[in-house]
Amino acid sequence: MKKALVCGAGGFIGHHLVKRLKKEGYWVRGVDLKYPEFSETEADDFVIGDLRDPYFVRHIIDMKFDEVYQLAADMGGAGFVFTGDNDADIMHNSALINLNILDICHKRNIKRIFYSSSACVYPKYNQEDPNNPKCSEGSAYPAMPDSEYGWEKLFSERLYLAYHRNYGMEVRIARYHNIFGPEGTWRGGREKAPAALCRKVALAKLRGDDYIEVWGDGKQTRSFLYIDECIEGTLKLMRSDFTGPVNIGSEEMVTIDQLAEMIMDIAGVKLKIKHVPGPQGVRGRNSDNRLIYEKLGWKPTMPLREGLEITYKWIEEEVRKALEKGEKL
Ligand code: NAD
């Protein structure tokens, strides 16, 4: 039986990845500061602990894993990453996690390790035109990410590549572009745009409000990838002989207003959009899937609307439950 370690298994992508690895018959150990929030983990063994602590990391990497997936990071959406208030924690915490995990994997002679980088590594100067952002893998340098989160990801990508060159570790690096789906964070300040907008629309619908607020002018562009496709791409990359970094994202770019309109349409409501100041990140971003298609013969195919229909339904139910309990949203 193959063994996998999933770091960050209490988080959104890690939790879904554990489910998929279990379906494939793996023995899985999950590690996180917390258990998954919305449903029970399917991991055979789930260890709660802090990956910033090298002693803890030595303790959980105590056997030979066939595959290690490193998804743990101090992260969140625009409200967490772009205000500047969390910069020191983001850089310190995530860098320590990566330094520890690579060191111990190397010492235990574990070869294959996946690292989840981000589209946030791409330079600001290539993402100022919302209609024509450039996010091909080679364009990451000269580097100028628009957040410290992006700089840490770039540092860690280089760290993984150094272990690959110097110690022959078979690292696989993906740059994820806005992953969304059920069981993702939808409130509390760390949520991303699709979840935040689903929550706002559901809340307005259930309370009978006639508008929602959108940060910025709504003309900023992004693409969003449904979680199942993210997991599929991740496993394809992990089991290939291509190191990366490579984009894992969708090429279906929309403005934030279009995203909001699509969600309202799914919810069956027509609301006004009130644009308010708020952290936004770059003006435009879209995945460029030429490299992943060339190397792995794979690209995502699910339309944004289909993923949003599933996600909205889940978030509306969460909002309904929270309102019934009298929670403040
Ligand atoms: P998430 O926040 O839901 O999951 C990350 C998990 O890491 C959390 O459960 C958190 O508790 C855990 N963690 C943080 N610090 C830890 C520590 N010191 N010790 C142990 N666990 C710790 O995020 P996610 O959306 O599942 O993202 C997973 C990875 O993918 C992250 O590295 C993220 O940067 C990257 N990524 C995600 C997206 C996206 O759109 N979701 C986009 C680009 C990159």
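The shown structure was predicted, so the numbers you read here are calculated from the model rather than taken from an experiment.

K.L.:
Which parts of the structure should I look at to understand the domain arrangement of the chain?
P.N.:
How big an interface is tends to be stated in terms of accessible area lost as the parts join. By the assigned domains, the chain splits into domain 1 (3-179 + 225-248) and domain 2 (182-223 + 252-286 + 303-321). In this structure, domain 1 and domain 2 have C-alpha centres spaced 25 Å apart. For the domain 1 and domain 2 pair, buried surface summed over both sides reaches about 2,400 Å², with 56% attributable to carbon and sulfur atoms. The tally of links from domain 1 across to domain 2 stands at two salt bridges. Counting the contacts that link domain 1 with domain 2 gives 13 residue pairs in polar contact (both at pLDDT 80 or more). Of all the elements in the fold, those that place two or more residues in the side of domain 1 that touches domain 2 are helix 1 (12-23), helix 3 (78-81) and strand 10 (225-226). With four residues, helix 1 is the single largest residue contributor to the side of domain 1 that touches domain 2. By residue class, the composition of the side of domain 1 that touches domain 2 is 14 nonpolar, eleven polar and six charged.

K.L.:
I'm lost on the side chain of arginine 112 in this one. Help?
P.N.:
As for its placement among the helices and strands, arginine 112 is situated in strand 5 (residues 112-118). Judged by relative accessible area, arginine 112 falls into the buried class, the value being 18%. Looking at arginine 112, its side chain comes within polar contact range of the main-chain oxygen of methionine 238, at 2.8 Å. Leave out the neighbours within four places in its chain, and arginine 112 touches Asp66, Glu67, Val68, Glu170, Arg172, Met238, Arg239 and Ser240.

K.L.:
What is the right way to read the pairing of strand 2 (residues 27-32) from this model?
P.N.:
The buried fraction of strand 2 amounts to five of the six residues, a majority that puts the element mostly inside the structure. For the crossover from strand 1 (residues 3-7) across helix 1 to strand 2, the handedness is right-handed. Alignment of strand 2 against strand 3 (residues 45-48), held across four bridges, turns out to be parallel. Residue pairing for strand 3: valine 31 is matched across the bridge by valine 47.

K.L.:
I'm lost on the sheet that holds strand 11 (residues 246-248) in this one. Help?
P.N.:
To summarise the sheet geometry, strands pair through backbone hydrogen bonds and adopt either a parallel or an antiparallel arrangement. If you trace the seven strands from one edge of the open sheet to the other, you get 3-2-1-4-5-6-11, paired in parallel fashion. For this open sheet the edge positions go to strand 3 and strand 11, each flanked by a neighbour on one side alone. Each adjacent strand pair in this sheet contributes to an overall mean axis angle of 20°, direction not counted. In the sheet, strand 5 pairs with strand 6 (residues 170-176) via seven bridges, with the strands oriented parallel.

K.L.:
Looking at this model, I keep getting lost on the packing of helix 8 (residues 256-267) against helix 10 (residues 304-324). Mind explaining?
P.N.:
What describes two packed helices is the angle between their axes and the distance between those same axes. Here helix 8 crosses helix 10 at 55°, and the two axes come no closer than 10 Å. One finds that helix 8 runs oblique with respect to helix 10. Crossing angle aside, the handedness with which helix 8 passes helix 10 is right-handed. Facing helix 8, whose interface residues are Leu259, Met262, Ile263, Asp265, Ile266 and Ala267, helix 10 presents Leu304, Arg305, Leu308, Glu309 and Tyr312.

K.L.:
Teacher, can you tell me more about the site of the ligand here?
P.N.:
The immediate surroundings of the ligand are formed by 26 residues, with Ile13, Asp32, Tyr149, Ile179 and Lys192 found nearest. Lysine 34 has a polar side-chain atom sitting 3.4 Å from an oxygen atom of the ligand. Within the backbone of leucine 51, a nitrogen or oxygen atom sits 2.9 Å from a nitrogen atom of the ligand. Bound to the protein, the ligand loses 92% of the 820 Å² it would expose on its own. Going through the elements one at a time, helix 1, strand 5 and helix 5 (148-167) are the ones with two or more residues in the shell around the ligand. Broken down by element, the residue count for the shell around the ligand peaks at three residues, all from strand 5.

What counts, and at which threshold
Residues numbered from 1 in each chain as written. Predicted model: local features only at pLDDT ≥ 70, side-chain atom pairs only at ≥ 80, totals over all residues. Heavy atoms only, no water. Domains from an automatic or database assignment. Buried area = accessible area lost by both parts, 1.4 Å probe. Salt bridge = Lys/Arg side-chain N within 4 Å of Asp/Glu carboxyl O. Polar contact = N/O pair within 3.5 Å; in protein donor to acceptor, adjacent residues only side chain to side chain. Helix = DSSP H or I, 4+ residues; strand = E, 2+ residues; numbered from the N terminus. Nonpolar A, V, L, I, M, F, W, Y, C, P; charged D, E, K, R; others polar. Buried < 20%, exposed > 50% of the residue type's maximum accessible area, 1.4 Å probe, protein only. Contact = heavy atoms within 4.5 Å. Right-handed = clockwise from strand over helix to strand, strands pointing away. Pairing = 2+ DSSP bridges. Axes fitted to C-alpha atoms, helices over the stretch in contact; angles between N-to-C directions. Parallel < 35°, antiparallel > 145°, perpendicular 65-115°, else oblique. Left-handed = near helix turned anticlockwise from the far one by under 90°. Near = heavy atom within 4 Å. Areas by Shrake-Rupley, 256 points an atom, 1.4 Å probe, with all protein chains shown as cover.

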